[in-house]
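Summary of structural features
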Amino acid sequence: MTDQLLDITSEHLLRDLAPQVLGAVIRRFRDFAAAEDAVQEALIAAAAQWPLEGLPGNPRAWLIQVAFRRMADHVRSELARRQRETAAAVEMDQLAPPVDAGSETDQDDTLILLFMCCHPALTSSSAIALTLRAVGGLTTAEIANAFLVPEATMAQRISRAKNSIKASGVPFRLPTSEERTQRLRAVLHVLYLIFNEGYSSSVGPHLQRLELSREAIRLTRSVRALLPEDGEVAGLLALMLLTDARSTARMGADQELIPLPRQNRTLWDQSKISEGIALLTAALSKGSIGAYQLQAAVAAVHDEAARAEDTDWPQILALYELLKCMSDNPMVMLNHAIAAAMVHGPSKGLELLRALDSDPRLTLHHRLDAVRAHFLEMAGDHETAIKHYRLAAARTTSIPERNYLVTQAARLNKTGNH
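Here's what I pulled together on the structure shown here. (Residues numbered from 1 in each chain as written. Predicted model: local features only at pLDDT ≥ 70, side-chain atom pairs only at ≥ 80, totals over all residues. Heavy atoms only, no water.)

Here we look at the packing of helix H6 (residues 110-117) against helix H10 (residues 177-199)
At a closest axis distance of 8 Å, the pairing of H6 and H10 adopts a crossing angle of 105°. The orientation of H6 with respect to H10, classified from their angle, is roughly perpendicular. Across the interface between the two elements, Leu114, Phe115 and Met116 of H6 pack against Arg180, Arg183, Val187, Val190 and Leu191 of H10. When grouped by side-chain class, the residues that make up the contact of H6 with H10 number six nonpolar, no polar and two charged. (Axes fitted to C-alpha atoms, helices over the stretch in contact; angles between N-to-C directions. Helix = DSSP H or I, 4+ residues; strand = E, 2+ residues; numbered from the N terminus. Parallel < 35°, antiparallel > 145°, perpendicular 65-115°, else oblique. Contact = heavy atoms within 4.5 Å. Nonpolar A, V, L, I, M, F, W, Y, C, P; charged D, E, K, R; others polar.)

Printed below as a string of structure tokens:
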């Protein structure tokens, strides 16, 4: 098998198949933590065997069968301590399906898993963290970055959530209409965070992880099929499409970051923009305006500008004023400051940033320093801007972002030396 095919197989395993296989195993065995371990072992086995032996005819069925066998071993081991080895072995042998088993292996359980992880028995933050791990396949470090908390804190939160799911005996099925309403907010936030991590990876050498953003869009489409009249579901899907439309243009040939003002807008995906604007227009016409619809409206203003200098910043500022009334998210405050600086000048932006300096969620976050550096550059204070570009570079865990910020500092330093 070629290296290219191996890469395709690995991506398919980690992003497309893993949540589906995990859902099937949980549905059968009802043990979240043990099921996750079994699926990880199945993925490791596939990564070792498939490059040598070739892809099986039904990769998902293969993974489910291996994971079921691992779970059978786990259950036997547990029951052995209770002196029931023989009965357990007979029972568990019947649980591993043949590779061509239809109904068990062809069903996509990802959407059920998504709603199950967002069960109201969990706190909202724990539910979202667990779902990002199980459905999104994000690492603990990536989830911690999304929540602006230490990695150790997030690891404990995920562990507690798994134990809570196991103790609650949550049924593995699509929730009722009432249950969907209870869980929807957490579900949408999970999908939003998965998309964001795919569009702008917070850790490692890659600027984007398109398999994540595409999976978030796929799942959001599935949620919309369940709830076609919900304006915020439509707003989130519109936001994803309007943002994802720019993904090709925001990365150069060497994975370098290309900021929005410098992007080649002819590379933007007009079909996604058209679909996103149509979704947003229909959602806004229903009268109830939510945060995702407002964020989608901001994305639409950017996408409709033929050139960066044509961007309607006063409209974007007005939208962020509304968003501030709905959320205390520091990233909303930061984006509001950017819009204010574009409308009223860098001094206004710097003034608004000073109010964020005391927010512990942003104290060590690289974006605060990066935005401050940009405002200082706009104001002509290149020496201090260089300092903050370098500080932001030291704080980010994304290599492409670090390279971009270092380059910005070097550019200003070179200009100052002439």
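Back to the text.
Concerning helix H8 (residues 140-147)
Of all the residues in H8, the buried ones are Thr140, Glu142, Ile143, Ala144 and Phe147. Buried residues along H8 sit against helix H7 (124-134), helix H9 (151-168) and H10. Leu148 sits one or two positions beyond H8 and adopts a positive phi of about 60°. (Buried < 20%, exposed > 50% of the residue type's maximum accessible area, 1.4 Å probe, protein only.)

Brief notes about the nonpolar core
The biggest cluster of nonpolar side chains holds 126 residues, and the ones touching the most others in it are Val25, Phe32, Leu63, Leu132 and Val223. Broken down by element, this core gets its largest block of residues, eleven residues, from H10. In this structure Val25 touches Arg30, Ala35, Val39, Ala67, Phe68 and Met71, once residues within four positions along its chain are discounted. (Core = buried A, V, L, I, M, F, W, Y, C linked by side-chain atoms within 4.5 Å.)

Focus: the side chain of Arg372
Relative to the assigned elements, Arg372 resides in helix H18 (residues 366-379). Arg372 sits in the buried class, given a relative accessible area of 11%. Sequence-distant contacts of Arg372, defined by excluding residues within four places in its chain, comprise Leu350, Leu353, Arg354, Asp357 and His388.

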